[in-house]
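# What the coordinates show
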Amino acid sequence: MPDTVVVTREEPIAVVQINRPQVRNALNEQVITEIGEAMRGLDADPAIRCIVLTGDEKAFAAGADIKEAAFVGATPVSMLAQDLTAKWEVIRRVKTPTVAAVSGYALGGGCELAMICDVIVASETAKFGQPEINLGIIPGAGGTQRLTRAAGKWVANELILTGRHITAQEAKDIGLVVHVYPAASWLEDAKALARVIAEKPPVAARLATEAVDMAWSSTLDAGLEFERKAFYLLFATEDKDEGVDAFVSKRKARFKGR
Ligand code: DAK
């Protein structure tokens, strides 16, 4: 089977590109496994400080591969046995900051994959949606939860119940997308953002995204407690001394990740 993911290292960033253009980057088990393996490998590499996850101009990913036997002939028992969720979890567990760079379609599992990332940016051509309702199902890789946390109950319900596609601008209006970039430069613009993030102290960056995720997955008290401990912990890092010294000396900080 040819690789379905292309990894390009441009230290301190790396680009993980989904590569099944003939099916609008539809996600089968191989793609999800390869994205997970690629991102886990990059996560373990201290030279990589931000990962861009992307597709091509026409599609970030058009969702699960709905023509494959694993989808067409699936039963509850076969899905339990396949345990695809475990493969998605590998991607979610990545601690290096991730930027989803979306051009074209991010539908169903494609939209859910983007929402696993820490930041979502889009080309002006991007189209987001959760069209699973048209197949007689509902989002199954986090869409009902993450879209609701991003956009609120009423917007999420409308999108999930109609299955309609929304533009990059509407996705920005509902809080899903942070920046809408011109079609001619979207990937370069996304990489420029990744490079800005990659310049920051990596330990602080990891703890920042973990703390932000806590706001989704825990109570306010537990989240505040996590934030407080993470904040104190960073006072033990050389990068904190470097950041403060660079500010006082009016020079650019050079963070080492320790
Ligand atoms: N699966 C398989 N093939 C797809 C595909 C998909 N999702 N999307 C597109 N393709 C194929 C088309 O069949 C077509 O193939 P040929 O006919 O050329 O052989 C080719 O890609 C080009 O597509 P179109 O001709 O349709 O191109 P258009 O530009 O006109 O339209 C489109 C693009 C993306 C709007 C349209 O193809 C479309 O509506 N696609 C289906 C989108 C969709 O319904 N996605 C949701 C799938 S359900 C879970 C994990 C994940 C999930 C659930 C659970 N767990 C961990 C438990 C995810 C579920 C889903 O995503």
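As a starting point, this report considers the structure included with it. (Residues numbered from 1 in each chain as written. Predicted model: local features only at pLDDT ≥ 70, side-chain atom pairs only at ≥ 80, totals over all residues. Heavy atoms only, no water.)

### Focus on the site of the ligand
Looking at the ligand, there are 22 residues lining it, with Ala62, Ala64, Ile66, Lys67 and Gly109 nearest. Within the backbone of Ile66, one N or O atom sits 3.0 Å away from a nitrogen atom of the ligand. At 2.7 Å from an oxygen atom of the ligand is found a side-chain nitrogen or oxygen belonging to Lys67. Here the ligand has 1100 Å² of accessible area as a free molecule, and 66% of this is covered by the chains. Contributions of two or more residues to the shell around the ligand are made by helix H4 (84-92) and strand E6 (105-107). (Near = heavy atom within 4 Å. Polar contact = N/O pair within 3.5 Å; in protein donor to acceptor, adjacent residues only side chain to side chain. Areas by Shrake-Rupley, 256 points an atom, 1.4 Å probe, with all protein chains shown as cover. Helix = DSSP H or I, 4+ residues; strand = E, 2+ residues; numbered from the N terminus.)

### A word on the environment of Gly36
Residue position: Gly36 is located in helix H1 (residues 29-43). Separated by 201 residues in sequence, Gly36 and Thr237 have C-alpha atoms that sit 29 Å apart. With near-sequence residues (within four places) excluded, Gly36 lies in contact with Val90 and Ile91. (Contact = heavy atoms within 4.5 Å.)

### Some points on the sheet that holds strand E1 (residues 5-10)
The sheet built from six strands is open, its strands ordered E1-E2-E3-E5-E7-E10 with mixed pairing. At either margin of the open sheet sits one strand with a lone partner, and together these are E1 and strand E10 (179-181). The mean angle between the axes of side-by-side strands here comes to 20°, regardless of whether they run parallel or antiparallel. Strand direction decides the pairing type here: strand E7 (residues 119-123) and E10, joined by three bridges, are parallel. Within E10, the residue paired with Ala122 across the bridge is Val180. Contacts from H1 reach E1, strand E2 (13-18), strand E3 (50-54) and strand E5 (98-102), with the element oriented near 20° to E1. Here helix H9 (residues 186-198) sits on the sheet and contacts E1, E2, E3, E5, E7 and E10; the angle it forms with E3, its principal contact strand, is near 160°. (Pairing = 2+ DSSP bridges. Axes fitted to C-alpha atoms, helices over the stretch in contact; angles between N-to-C directions.)

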